[in-house]
2 protein chains.
Amino acid sequence: MSLSTVTFFTPVLDGLQEVEQLLRHQADDDHPDLRAALEHLLSSGGKRIRPTLALLTGQMLGGPHDKLVTLAAAVELLHNATLVHDDLIDGALLRRGMPTLNTRWSPAATVLTGDFMFSHAARLAADTDNLPLIKHFAETLAVIVNGELTQLFSARGVVSQENYYQRIYAKTASLMEMTTRAAAMVSSVDSSVTETLRLYGYHLGMAFQIVDDILDFTGEQDEVGKPIGSDLRQGLVTLPTLYYIEDHPDQAEVKSLLAGEYDGRREHMESLVQSIRSSDAIRRSFEKAHDYVDQATEKLAGMPDGIEKQSLLDLTHYIVDRRL
Amino acid sequence: MSLSTVTFFTPVLDGLQEVEQLLRHQADDDHPDLRAALEHLLSSGGKRIRPTLALLTGQMLGGPHDKLVTLAAAVELLHNATLVHDDLIDGALLRRGMPTLNTRWSPAATVLTGDFMFSHAARLAADTDNLPLIKHFAETLAVIVNGELTQLFSARGVVSQENYYQRIYAKTASLMEMTTRAAAMVSSVDSSVTETLRLYGYHLGMAFQIVDDILDFTGEQDEVGKPIGSDLRQGLVTLPTLYYIEDHPDQAEVKSLLAGEYDGRREHMESLVQSIRSSDAIRRSFEKAHDYVDQATEKLAGMPDGIEKQSLLDLTHYIVDRRL
């Protein structure tokens, strides 16, 4: 599905172009190397889901265009900054099918490029001139980093479903929740509307990450941009694996996984990835993603009459149907 | 010189204690590992010059105590966050005589701890509820990171004095300039007073870093907390070296340095460090630091009558006289 065939982008195409310009201008006064790095990061095929979410939400509420563009750029830059440090930490080689920054640059340059992006994201957030929004922005960064630290300090391996949901909240849903809430904040709507949109963003974000975790198993390498099952191969247990374990507690591969032996048994791991890929755990995971989407759309349905919600609804459905 | 014998700390001792508490509470809800790391960083003997500067400046102007404490904590946390990433990048083993975080933790944990501190510094800055201050805070972080990137991308070795001053502005003076300016901002004084205090902080910061760079040569290892001449040994040319080169252009060690051969000639480097240490370049560097201090105190002298400036003057003189 290319960008141009997805209808919900249409109302925000101009806004997204302004976001792109704002993002690319961040490195204007700086080093050619840094500009090149930022260009590489920004051109590596991200779909700009978060800026789209900010713009659609804000436009729906009649929010001020310039502030929404600024917010959208702040969110996208913050997201990309966390990816830069994440990829460095994980030693990831590919992101969206392109070489990560850390494969081309030294760890030092990668750390500082991430810091550079954080500082500019903070500056953009401040440019919304909205104090509660700025506080929420800083808090969300703290939640994201905290989630990464939890993951780092926890022994890798099997986690509870509760842990899984906490992790994907920190990793993904917290920023989407912040995005819709912040878009409502700059649009000066009633606090009940802001709260509804916060919940919408939360549920959308949870669905988004579950689908990402499914696609890690079911997608083609070309589409996912990294090897199939790479989460599990790196010891990261996501929802499809948790359901698969629940459904097949006595299987040899599962026992091996539960015993923490996957590192030593590559053939079990390969076989496990293939088994999960074609199992009912995928259907169950989609069901869960759809539950979250249903709750997200329910929030939208509860919005005051007269608000044009179709584009956000389209975006919401795209989140679970993408790349399938 | 211990903290308790330095008089200018007296008016801010209570405030500094509140700053300490606020800093330590940042990791309250998080991992024991992170709390321990933060504790290690905060207890490693920093003199809290920046929080002292914020509190003294704000108190002098009759600013609101709580906001000044919040600002002081934000500045100190931002400073420490940049140190954590710096030490990782430089592979530094010691900071203030204590092992750096990166010697004890993985690069991943060190990167994330720095990010954690950035996010909490941003949150504290936002808690001042002062929009221009928050923007200035984010911009200063951008200046600091940009300076680090410049240093990273530049070939190490001999730089011009102009480059040196740009570097120490980004590294040190920008944050001190921000600190005094921000303290004036929360104190709601005339913009001319804010501007005067910004210039005061700028000149103080420049002097502070020059003295740091002198102490790298003249201090005892116990006092500096790292090996004597370690900047130059790592290829970082500071003011004493620049003056020494100017004064001894024909010396063998200088020629070796200018030819970029220092890496291969350890004996030249050792001898050069000793030569600079006992040369007139040290006196000339102090003279330059005193020039900046004179300009800083001149700014204070230009402040409206009736403002009690003695503590800030004491702090200013301490900056150049410390550890000597």
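It should be emphasised that the depicted structure is a prediction, and the values quoted were computed from it without experimental measurement.

Rules of the game
- Residues numbered from 1 in each chain as written.
- Chains lettered and ligands numbered in written order.
- Predicted model: local features only at pLDDT ≥ 70, side-chain atom pairs only at ≥ 80, totals over all residues.
- Helix = DSSP H or I, 4+ residues; strand = E, 2+ residues; numbered from the N terminus.
- Rg over C-alpha atoms; globule rule 2.2 N^0.38 Å.
- Buried ≥ 20, exposed ≤ 12 C-beta atoms within 10 Å, placed from the backbone.
- Contact = placed C-beta atoms within 7 Å.
- Nonpolar A, V, L, I, M, F, W, Y, C, P; charged D, E, K, R; others polar.
- Axes fitted to C-alpha atoms, helices over the stretch in contact; angles between N-to-C directions.
- Parallel < 35°, antiparallel > 145°, perpendicular 65-115°, else oblique.
- Left-handed = near helix turned anticlockwise from the far one by under 90°.
- Least-squares fit on C-alpha atoms with pLDDT ≥ 70 in both.
- Core = buried A, V, L, I, M, F, W, Y, C linked by C-beta atoms within 7 Å.
- Arc of directions from axis to C-beta.
- pLDDT = per-residue confidence, 0-100.

Caption draft 1: Representation of the overall build of chain A in the model. Scanning chain A for helices and strands turns up 16 helices and 2 strands. Over its C-alpha atoms chain A spans a radius of gyration of 20 Å, differing by no more than 12% from the 20 Å that the globule rule assigns to 324 residues. Its C-alpha atoms give chain A principal-axis dimensions of about 60 × 50 × 35 Å. Within chain A, the proportion of its 324 residues that are buried is 51%. Long-range contacts, defined as pairs at least 24 residues apart, comprise 74% of the intrachain contacts of chain A with a sequence gap of at least 6.

Caption draft 2: A look at the interface of chain B and chain A. Each partner contributes residues to the interface: chain B has 35 residues there, and chain A has 35 residues. When contributions to the side of chain B that touches chain A are tallied by element, the ones reaching two or more residues are helix H2 (32-42), helix H4 (65-90), helix H6 (107-126) and helix H7 (131-153) of chain B. Counting residues per element, the side of chain B that touches chain A draws most heavily on H7(B), at 14 residues. Grouping the constituent residues of the side of chain B that touches chain A by class yields 21 nonpolar, 6 polar and 8 charged.

Caption draft 3: Quick look at the packing of helix H12 (residues 239-247) of chain B against helix H15 (residues 280-301) of chain B. All names here are of chain B. Running from N to C, H12 and H15 cross one another at 125 degrees; their axes reach a closest spacing of 8 Å. Relative to H15, the element H12 is oriented oblique. Seen along the crossing, H12 lies across H15 with a hand that is right-handed. Contacts from Leu239, Pro240, Tyr243, Tyr244 and Asp247 in H12 reach Asp280, Ala281, Ile282, Arg284, Ser285 and Lys288 in H15.

Caption draft 4: Structural detail: the relation of the copies chain B and chain A. For the pair chain B and chain A, the relating rotation is 180 degrees, the translation along its axis is 0.0 Å, and the fit reaches an RMSD of 0.0 Å. Each copy turns onto its partner about a two-fold axis. When the interface residues of chain B are mapped onto chain A, 100% of them again fall at the interface, so both copies present the same face.

Caption draft 5: Geometry of the environment of B:Leu152. Position of B:Leu152 among the secondary structure elements: in helix H7. In the structure, B:Leu152 is positioned 62 residues away from B:Asp90 in sequence and 9.7 Å away in space, judged by C-alpha atoms.

Caption draft 6: Molecular detail of unusual backbone geometry. All names here are of chain A. For Asp129, which is not glycine, the phi torsion reads 60 degrees and is therefore positive. Tracing the sequence through the fold places Asp129 in the loop between helix H6 (107-126) and helix H7 (131-153). Residue classification places Asp129 among the partly exposed positions, given that 14 C-beta atoms sit within 10 Å.

Caption draft 7: Broad picture of the nonpolar core. A:Ala74, A:Ala121, A:Ala207, B:Ala74, B:Ala121 and B:Ala207 are the most contacted members of the largest nonpolar core, which totals 198 residues. Beyond its immediate sequence surroundings of up to four residues, B:Ala121 is in contact with B:Ala74, B:Leu77, B:Leu78 and B:Ala81.

Caption draft 8: Focus on H2(B). For H2(B), the set of buried residues is B:Leu34, B:Ala37, B:Leu38 and B:Leu41. Summarising the axial view, the buried residues of H2(B) lie within an arc of 95 degrees, below the 170-degree limit, and thus occupy one face. In H2(B), those exposed residues whose orientation departs by more than 90 degrees from the buried face are B:Pro32 and B:Ala36. Where the residues of H2(B) are buried, they touch H7 of chain A together with helix H1 (13-24), H4, helix H5 (101-104) and H6 of chain B.

Caption draft 9: Up close: the confidence of the model for chain A. In this model, chain A carries a mean pLDDT of 88, and residues with pLDDT of at least 70 account for 91%. Across the whole predicted complex the pTM is 0.91, and at the interface the ipTM reaches 0.88.

Caption draft 10: Region of the structure containing the environment of B:His25. Residue and element names in this part refer to chain B. Positionally, His25 belongs in the loop between H1 and H2. Overall, His25 belongs to the exposed group, with 12 C-beta atoms counted inside 10 Å. Residues His25 and Met60, 35 residues apart in the sequence, show an inter-C-alpha distance of 27 Å.

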